[in-house]
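Residue-level listing of the chains:
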Amino acid sequence: MPFIFGLLLTLLANAGISLAAFGIYRMSRGGDRGEDLLWYGIVRWALMAGVVILLGSVQALRWWSLGAVAVLGGLVVAAIWRVEVASVVRAPWELLERVRAWWRAADLKSRTAATGAAALALLLAGRIAFAVWFFAPYAGDETCFQLPRLASWIQTGSLTHPHLEDVRSGYPAGFELLEVWWVAFLHHDVLIEMAGVEFLLYAGAAAYVLGRRLGLARAQGLLAALLFCGLPVVNSQSTSCCNSIAMTALALAGFAFTMGTGSVWRDSALIAAVSLLGLSFSPLFLCLVPAFVVIAAFRRRRPAAPSPVHLGRIATLLLVAAVGLFWYGRNAYDFGNPVYPFGDWSPFSARANYTMAPRLDSTDLVSTPLEALRLNASTMMNTYLYDAYVPYSHQATRQSGWGWYGMALGLPALLLVLRWRIFPVSFSGGVVAAGAILFTALQPELWNMRHAGWLAVLPCLAIPVVLFRLESIPRRAFAYLLMIALTLNIVGTLVVDGIEPEAMRRSMAASWNTRSGWAFMPPEPLTSAEPVCAIGIHYPVYTLYGPDFGRRVVLMRFGTIEETERAMRAAGARALVVGDLRPRERSALVRRLQERVFVVVNQRILRLREAP
Amino acid sequence: MSPEVRGRLWTGVEIGAAAALIGWRLLRGMIDVGRGWDWALVIGVLWMVLALSRRVKRIEDFAFLAACAYLTFVYAYFQLNQTVQFFTMLMDGL
């Protein structure tokens, strides 16, 4: 399919589904513009995920079926609410007009500040465009066990559960459901990172709304949003197919909802919706829920008119719940355990499985949640906040990823803001408590901070408050420091994970349709498009599919070596890609090598000798 | 309790908390005191200055700015070489 045709279809389908979501949103919105904006995001993603689940479940997940549903849904809404559709189309122009009117009325100082902020936002947009276009997914967990699920759906048109050796493939795949909308029409992964970019924008919007709820002026809220989006950990996750960006964005939305202006029931429904959707991205979202409840319960609430019970709202909430809990139902069906790969229902009793299960040894586990909390908190405070001697990384390896201003400018600003009591104690305390709960559920690993990007919202909200309260000279000095810091953050995330320039050149020099994650790794082990079987863990199996999902990849679990051979013959594959294996499996493979059933092609590839 | 007494009491609490933070960071041996680049120690000192400044805006502003500048320097010590190294590699590579 020509690129331009695929791109147009992608845009058309995304516009259609967004319009259809607008129809549902219209039935369930509340009236507060900030909250409604965040609510729209939840409705839209729930609908997009729901459509993919539905089509995938009946083995009809194809570009034409997805496009037909999206366009039809959009047309139905367009037919019913013509006026609102027109207003949606007009909205960007109206915004532009308002910006123009503001510009004409603004003084020189405000114009200069706005120009600086716009320049930094453009720099951020440029970095994102650069990463989306020139980098294919290449890193860690994404290529090992997250994206293979998406590749398998695209190849088969069915919501299959690939039997990866890596038990983490049992984690919820809500993020991949949304990535389908950027992949299915092109049948190519060149724009796959756009799903993360959507969440980055949403995180910015949520930071703005949260800031406004906490009493920040519009300009302060906008600056807080820009600062949050400019954090290396948030910024780099947005273009790396990493589902942590979804958790971060929804966490901010949840905090914004806790400070909502509606009735208790409405705020509770919004918090429930964001929590349910969050669970479809990561079970870790559960750690945030107690904090949401505590903040909402203890904050001073202005009297609000009770929201009438509305069928549209209840139906929408049910849709979100169905999508949010889908993966847990799937795991109950597939594995007999809804919280697989947990050992049982309790996250803490089998915490080892949570992040360490794929490891073949488990000698470095901590024994209690409190010990995990102590180690996670102390490594964050004593080491990771400095991002010391490490390149920025979307996995936040050995770092917090708070960048140049998160720690250096944000923490002193936070102290001032807390002393001035700008933020309610329940809010600040709730955010810290959420971080503490999360740290009890995480193994103290080198990359644990990638789940906690939302913690940096406190310094990002504090900086604008302080900036606008400083006297003239310190304010100017602080503003310059901030601009330099933000620029360095964005520039520092131009290339994440310490990619070598040579690898960058390889990726940039390749044509868009052949651009693959192999540019950043050892050369691709296969030269032809022959089908291949893959076993073992810690291997970037997603990249075997090719950027256009052209190669058939059979993912399998290692039972016995004879079963593996039978499966290879059944699949018509002679090449076997081998990830990390357990000693028992490795020795079985070595035995078959000695018996000359397999021959070694290279370190990772074996070839079955006889014809399948 | 009059607002003045309450204010003094609160100032005392703040000074005590800041002293506790400073003392904790020093006594726990979590930092290399000779180099003094522990952010929590800097925050503790800033807190102490703010509590003692009795709301004199100019002192508050400049103490804040000094803390920010110092922590930026600390961050640069750890991270700037990464940025410079990246650009050097980029220039060499591309």
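Criteria and thresholds
Residues numbered from 1 in each chain as written. Chains lettered and ligands numbered in written order. Predicted model: local features only at pLDDT ≥ 70, side-chain atom pairs only at ≥ 80, totals over all residues. Heavy atoms only, no water. Helix = DSSP H or I, 4+ residues; strand = E, 2+ residues; numbered from the N terminus. Buried < 20%, exposed > 50% of the residue type's maximum accessible area, 1.4 Å probe, protein only. Contact = heavy atoms within 4.5 Å. Areas by Shrake-Rupley, 256 points an atom, 1.4 Å probe, with all protein chains shown as cover. Rg over C-alpha atoms; globule rule 2.2 N^0.38 Å. Pairing = 2+ DSSP bridges. Polar contact = N/O pair within 3.5 Å; in protein donor to acceptor, adjacent residues only side chain to side chain. pLDDT = per-residue confidence, 0-100. Buried area = accessible area lost by both parts, 1.4 Å probe. Salt bridge = Lys/Arg side-chain N within 4 Å of Asp/Glu carboxyl O. Nonpolar A, V, L, I, M, F, W, Y, C, P; charged D, E, K, R; others polar. Expected span 1.5 Å × (residues − 1). Core = buried A, V, L, I, M, F, W, Y, C linked by side-chain atoms within 4.5 Å.

**Q** Got a minute to help me understand the overall build of chain B in this structure?
**A** In terms of regular secondary structure, chain B is built from three helices and zero strands. Counted from the first residue to the last, chain B has its helices and strands arranged as α-α-α. For chain B, the proportion of its 94 residues judged to be buried stands at 41%. Taking all contacts inside chain B whose residues are at least 6 apart in sequence as the whole, residues at least 24 apart take part in 49%. In the form shown here, chain B has an accessible surface area of approximately 5500 Å², with 68% of it arising from carbon and sulfur atoms.

**Q** Help me out: how do you make sense of the overall build of chain A in this one?
**A** Per the secondary structure count, chain A includes 24 helices and five strands. For chain A, the C-alpha radius of gyration of 25 Å lies close to 25 Å, the compact-globule estimate for 612 residues. Once the C-alpha set of chain A is aligned to its principal axes, its extents read approximately 80 × 60 × 50 Å. Within chain A, buried positions represent 58% of all 612 residues.

**Q** Explanation requested: the pairing of strand β1 (residues 532-535) of chain A in the structure shown.
**A** The side chains of a regular strand alternate between the sheet's two faces. All names here are of chain A. Burial along β1 is two-sided: the face carrying V532 and A534 and the face carrying C533 and I535 are both buried. By the bridge criterion, three bridges tie β1 to strand β2 (residues 553-555) in an arrangement that is parallel. The residue of β2 that forms the bridge with A534 is L555.

**Q** Help me understand unusual backbone geometry in this model?
**A** With glycine set apart, most residues show a phi of negative sign, and most peptide bonds adopt trans. Residues and elements named next belong to chain A. One non-glycine residue, D387, adopts positive backbone phi at about 50°. Mapped onto the secondary structure, D387 falls in the loop between α16 (369-382) and α17 (403-406). Judged by relative accessible area, D387 falls into the buried class, the value being 0%. A positive phi angle, near 65°, is found at R596, a position not held by glycine. As for its placement among the helices and strands, R596 is situated in the loop between α24 (583-594) and β4 (598-600).

**Q** Would you explain the side chain of S28 of chain A in this entry?
**A** All names here are of chain A. Inspection of the secondary structure assignment puts S28 in helix α1 (residues 3-28). Overall, S28 belongs to the buried group, its relative accessible area being 1%. In this structure the side chain of S28 is engaged in a polar contact, spanning 3.1 Å, whose partner is the backbone oxygen of I24. Of the polar contacts made by the side chain of S28, one reaches the side chain of W39; its length is 2.9 Å. Beyond its immediate chain neighbours, meaning those up to four positions away, S28 contacts W39, V43, R266, G312, R313 and T316.

**Q** Can you help me understand the confidence of the model for chain B in this one?
**A** The predicted coordinates should not be examined in detail at positions where pLDDT is low. Residues and elements named next belong to chain B. Residue-level pLDDT values for chain B average 84, and 87% of them are 70 or greater. For chain B, helix α3 (residues 57-93) is the element with the lowest average pLDDT, namely 84, and helix α2 (residues 39-52) is the one with the highest, namely 94. The ipTM, which scores confidence in the relative placement of chains, is 0.92 for this predicted complex, and the corresponding pTM is 0.93.

**Q** Looking at this structure, how should I read the interface of chain B and chain A?
**A** Frequently, the measure chosen for interface size is the accessible area removed from exposure when the parts meet. In this assembly, 40 residues from chain B lie in contact with 39 residues from chain A. Between chain B and chain A the total buried area reaches about 3700 Å² when both faces are included, carbon and sulfur atoms providing 70% of it. When the buried area of chain B at its contact with chain A is split by residue, W39, F64 and Y75 of chain B rank highest and sum to 21% of it. Here chain B and chain A share two salt bridges between them. R419 of chain A is paired through a salt bridge with E60 of chain B; the nearest N and O atoms lie 3.6 Å apart. Linking chain B with chain A are eleven residue pairs in polar contact (both at pLDDT 80 or more). Elements that contribute at least two residues to the side of chain B that touches chain A include exactly α1 (3-27), α2 and α3 of chain B. Of all the elements, α3 of chain B adds the most residues to the side of chain B that touches chain A, at 26 residues. In terms of residue class, the side of chain B that touches chain A is made up of 28 nonpolar, six polar and six charged.

**Q** Before we go on, may I ask you to explain the environment of L319 of chain A in this structure?
**A** Residue and element names in this part refer to chain A. Among the secondary structure elements, L319 is positioned in helix α14 (residues 311-335). Separated by 241 residues in sequence, L319 and A78 place their C-alpha atoms 21 Å apart. Discounting residues that sit within four places of it in the chain, L319 has contacts with I24, A46 and L47.

**Q** Help me out: how do you make sense of helix α9 (residues 218-229) of chain A in this one?
**A** Since the α-helix packs 3.6 residues into each turn, any two residues three or four apart lie on the same face. Residue and element names in this part refer to chain A. Here α9 contains twelve residues, and its C-alpha end-to-end distance of 17 Å stays within 8% of the 16 Å for a straight helix at 1.5 Å per residue. The element α9 is extensively covered by neighbouring structure, given that nine of its twelve residues are classed as buried. Restricting attention to buried positions, one finds in α9 the residues Q220, G221, L223, A224, A225, L226, L227, F228 and C229.

**Q** How should I be thinking about the pairing of strand β5 (residues 605-608) of chain A in this particular structure?
**A** All names here are of chain A. Examined bridge by bridge, strand β3 (residues 575-578) and β5 share three bridges and lie antiparallel to one another. Residue A575 lies in a different strand from β5, and its bridge partner there is R607. Sheet topology places β4 next to β5; three bridges connect them, and they run antiparallel. Bridged to F598 within β5 is L608. Two successive antiparallel strands, β4 and β5, enclose a turn made up of four residues.

**Q** Is there a simple way to think about the nonpolar core in this case?
**A** A general trend in soluble globular proteins is that nonpolar side chains are found buried together. The biggest cluster of nonpolar side chains holds 206 residues, and the ones touching the most others in it are F255, F427 and W454 of chain A. One finds I561, L589, V597 and F598 of chain A within the second-largest nonpolar core, a separate group that totals 18 residues.

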